[in-house]
Amino acid sequence: MSDARGSRQDGDRGDRGAPPGGGGRVDRPVLTVRSLMADEGLGIELSLIAGAAGLDRPIMNTRIQKSGLALVGHFHGIVPTRVQILGQTELSFLHKLSREDRLLSLRGFFELGLCCVILTQGDQPFETNSSGIGFFPVPELAQCAEESGTPLLISAVRSSVTITALHALLDDRLAPRIRLHGVLVDVFGVGLLLMGSSAIGKSECALDLVMRGHRLVADDAVECDYRPPGMVFGAPAELLRYHLEVRGLGILNVKDLFGVTSIRERKRIDVVVKLVEWSKDTEYDRLGLDERYHTILGVKIRELVIPVRPGRDMASILEVAARNELLKNAGFHAAREFFGNVEGELLGERTPEESSVPPPVRFAEEGTQRSAAPPGPPRPPRPGHDRDAPSPPSSAFRQPPDRGRPPPDRPGSGFVATESSVSLPRPRRRG
């Protein structure tokens, strides 16, 4: 069964992105060539030239291939489930070959079991002296496509435009998907995926957030799909769109109750909030330094574990969680900054500007030579003062008189003037 959006199959990559504990089953969508041609989201027109028998061949890769080496017999790296593009360069190369060489080259290329081949600007008229070469000078293309049952399509636009349109469509149609049990809300532009056991209060939290002006994306069943280069988006299930279940009230239509500004069709999942029952025997994170992650479709998303107990305003806590996530994305981590300040205080890390009191001067013991103070900038001599005479010490560093030590001019005292880094001038006698 196939439609314009493609069918789904369980792929070999399914278990890679499944969350621990069996949170859901990963589906690998498949798009057929027939569905690709009929899809209105492609934006360009594709016409079938040959190979109608292979229109139900699956396209299972989001990337396309434009390999000219395959036309010379080098088939290494060709993925049959990718869309193959032959542009003007490849068509001009085929036109210059002889008929026998073209058949040999094209038969080897089409026998690889390709899902489809698209010729870009293939309906343009043939120009001998220009790079724009049409499909008609290479009739062996249709012959080999019909023999192998490979769909041969023509796009009237250039290769770059065709490739861009195919990538945009295939990224959406072939994105890996998973359905999770939870509630997705948009709070201050941050996608919060509320997860937890049944009846823990996820829908009530979402209703309270909607009443505060935030937006509901999905309730109960969240359809998640992967988008490169590493993002997971959530959307509601088709039957549950705009609806919210609250125990005691039943099913509510949020769009009808609060208006179109209270809902959102799709939102990227930025934080996974796991609601758990409060337990006094469980140690919860009180610092916010440990980073927890929840894996969805192979993408690691930040996870918060918030205990639920009577009396807690969960809507306010979730709003603060969204604001804190915005700060972290801007480079401000409150917990790390606080822990760094506390650690700096405990280790005594102070800058010189924090203290205006100089450290005290410590002198060496007697009998050892005391180290001289580092020389400072020279001071201009005062009038009437000898330039070579030592200046008295400043009052801030003047040493107290030592009454137990004999004066320096007394002979036999054993005191040498050079023992001190501060020397006093000899007083002059009057008369």
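Each value, and the rule that gives it
Residues numbered from 1 in each chain as written. Predicted model: local features only at pLDDT ≥ 70, side-chain atom pairs only at ≥ 80, totals over all residues. Heavy atoms only, no water. Patch = residues over 30% accessible without salt bridge, like charges linked within 9 Å, V, L, I, M, F, W, Y side chains within 5 Å. Areas by Shrake-Rupley, 256 points an atom, 1.4 Å probe, with all protein chains shown as cover. Salt bridge = Lys/Arg side-chain N within 4 Å of Asp/Glu carboxyl O. Helix = DSSP H or I, 4+ residues; strand = E, 2+ residues; numbered from the N terminus. Buried < 20%, exposed > 50% of the residue type's maximum accessible area, 1.4 Å probe, protein only. Pairing = 2+ DSSP bridges. Contact = heavy atoms within 4.5 Å. Axes fitted to C-alpha atoms, helices over the stretch in contact; angles between N-to-C directions. Core = buried A, V, L, I, M, F, W, Y, C linked by side-chain atoms within 4.5 Å. Lys, Arg positive; Asp, Glu negative; His and termini not counted. Polar contact = N/O pair within 3.5 Å; in protein donor to acceptor, adjacent residues only side chain to side chain. Parallel < 35°, antiparallel > 145°, perpendicular 65-115°, else oblique. Left-handed = near helix turned anticlockwise from the far one by under 90°. Nonpolar A, V, L, I, M, F, W, Y, C, P; charged D, E, K, R; others polar. pLDDT = per-residue confidence, 0-100. Phe/Tyr/Trp six-rings, centres within 6.5 Å; stacked < 30°, edge-to-face > 60°. Disulfide = S-S within 2.5 Å.

Description of a nonpolar patch on the surface
A surface patch of nonpolar side chains, about 450 Å² in accessible area, is lined by Phe-338, Val-342, Leu-346 and Leu-347. Looking at the element boundaries, Leu-347 is found in helix 9 (residues 334–347). Since its relative accessible area comes to 57%, Leu-347 is described here as exposed.

Here we look at the sheet that holds strand 8 (residues 152–155)
Hydrogen bonding along the main chain pairs the strands of a sheet, whether they run parallel or antiparallel. Here 5 strands make up an open sheet; going across it, the order is 3-8-7-6-5 and the pairing mixed. Both edges of this open sheet fall to strand 3 (46–50) and strand 5 (64–65), since each of them pairs with a single strand only. Pairing between strand 5 and strand 6 (residues 83–86): 2 bridges, direction parallel. The partner of Gln-65 across the bridge, within strand 6, is Gln-84. Contacts from helix 4 (residues 140–148) reach strand 3, strand 6, strand 7 (117–120) and strand 8 within the one sheet, and its direction differs from that of strand 3 by about 80 degrees.

Here's the deal with unusual backbone geometry
In the segment running from Pro-228 into Pro-229, the intervening peptide bond is cis, with an omega of 10 degrees. Turning to its location among the elements, Pro-229 is positioned in the loop between strand 11 (215–227) and strand 12 (231–236). Positive phi, close to 65 degrees, is recorded for Ala-199, a residue that is not glycine. Of note, Ala-199 is situated in the loop between strand 10 (190–196) and helix 6 (202–211).

Some points on the nonpolar core
Within the largest apolar cluster, 27 residues are counted, with the highest numbers of intra-cluster contacts made by Val-185, Leu-192, Leu-216, Val-273, Leu-275 and Leu-318. With 5 residues, the top contributor of residues to this core is helix 6. When sequence neighbours within four positions are dropped, the list of residues in contact with Leu-275 reads Met-195, Gly-196, Ser-197, Ile-200, Lys-202, Cys-205, Ile-306, Val-308 and Met-314. If you look at the next biggest cluster of nonpolar residues, it comprises 21 residues, including Leu-36, Leu-55, Ala-165 and Leu-174.

Here's the deal with the pattern of salt bridges
Per the stated rule, a full pass over the model turns up 24 salt bridges. Of the charged contacts, one joins Arg-173 and Asp-172 as a salt bridge, the two residues approaching to 2.1 Å between their closest N and O atoms. Each member of the pair, Arg-173 as well as Asp-172, is classed as buried. The shortest N-O distance in the salt bridge between Arg-241 and Glu-238 comes to 2.9 Å. For Arg-241, a relative accessible area of 19% gives the class buried. Shared partners join several salt bridges into a network, and the residues in it are Asp-39, Asp-172, Arg-173, Asp-225, Arg-227 and Arg-266.

As for the side chain of Asp-219
Tracing the chain through its elements places Asp-219 in strand 11. No salt bridge is formed by the buried Asp-219. Its closest oppositely charged neighbour is Lys-202, at 7.5 Å. Of note is the side chain of Asp-219, whose polar atom sits 2.9 Å from the side chain of Ser-203. Those residues in contact with Asp-219 that lie beyond four places of it in its chain are Gly-182, Val-183, Ser-203, Leu-240, His-243, Leu-244 and Glu-245.

Some words on the packing of helix 6 against helix 8 (residues 314–329)
Direction vectors running N to C along helix 6 and helix 8 enclose 70 degrees, while the axes themselves pass 9 Å from each other. Accordingly, the angle class assigned to the pair helix 6 and helix 8 is roughly perpendicular. Across the interface between the two elements, Cys-205, Asp-208 and Leu-209 from helix 6 touch Met-314, Ala-315, Leu-318 and Glu-319 from helix 8.

Quick word on the packing of helix 3 (residues 99–110) against helix 4
Axes are the key here: two packed helices are described by the angle between their axes and the distance separating the axes. Helix 4 packs onto helix 3 with a crossing angle of 35 degrees between their chain directions and a minimal axis gap of 9 Å. Once helix 3 is placed against helix 4, the crossing between them reads as right-handed. On helix 4, the residues touching Arg-99, Arg-102, Leu-103, Leu-106, Arg-107 and Phe-110 of helix 3 are Glu-140, Leu-141, Gln-143, Cys-144, Ala-145, Glu-147 and Ser-148. For the contact of helix 3 with helix 4, the per-class residue count stands at 6 nonpolar, 2 polar and 5 charged.

Digging into the confidence of the model for the protein
Looking at the protein, the pLDDT average stands at 80 and 71% of residues meet or exceed 70. The spread of mean pLDDT over the elements of the protein runs between strand 1 (residues 7–9), the lowest at 43, and strand 15 (residues 267–268), the highest at 97. Across residues 1–22 the pLDDT falls below 50, and counting only partners more than four positions away or on other chains, this stretch makes 49 contacts in the model. This stretch, residues 128–132, has a pLDDT under 50; its non-local contacts, to residues over four places away or in other chains, come to 5 contacts.

Structural notes on the packing of aromatic side chains
Tallying each qualifying case throughout the model produces 2 aromatic pairs. Judged by centre distance (5.5 Å) and plane angle (75 degrees), the rings of Phe-109 and Phe-110 are edge-to-face. The class for Phe-109 is buried, based on a relative accessible area of 1%.

Let's talk about the side chain of Thr-120
Inspection of the secondary structure assignment puts Thr-120 in strand 7. Side-chain polar atoms of Thr-120 contact the side chain of Ser-159, separated by 2.7 Å.

Comments concerning the environment of Ile-49
With respect to the helices and strands, Ile-49 occurs in strand 3. Sequence separation between Ile-49 and Leu-152 is 103 residues, and the spatial gap between their C-alpha atoms is 5.6 Å.

Some details on the state of the cysteines
Considering all chains together, one arrives at 0 disulfides under this definition. With no disulfide of its own, Cys-116 lies closest to Cys-115 among cysteine sulfurs, the gap being 4.2 Å.

Structural notes on the environment of Arg-227
Of note, Arg-227 is situated in strand 11. Among the residues examined, Arg-227 registers a relative accessible area of 16% and is labelled buried. Separated by 41 residues in the primary sequence, Arg-227 and Arg-268 place their C-alpha atoms 9.7 Å from one another. With near-sequence residues (within four places) excluded, Arg-227 lies in contact with Asp-171, Asp-172, Ala-175, Phe-233 and Arg-266. Separated by 3.2 Å, the side chains of Arg-227 and Asp-225 make a polar contact.

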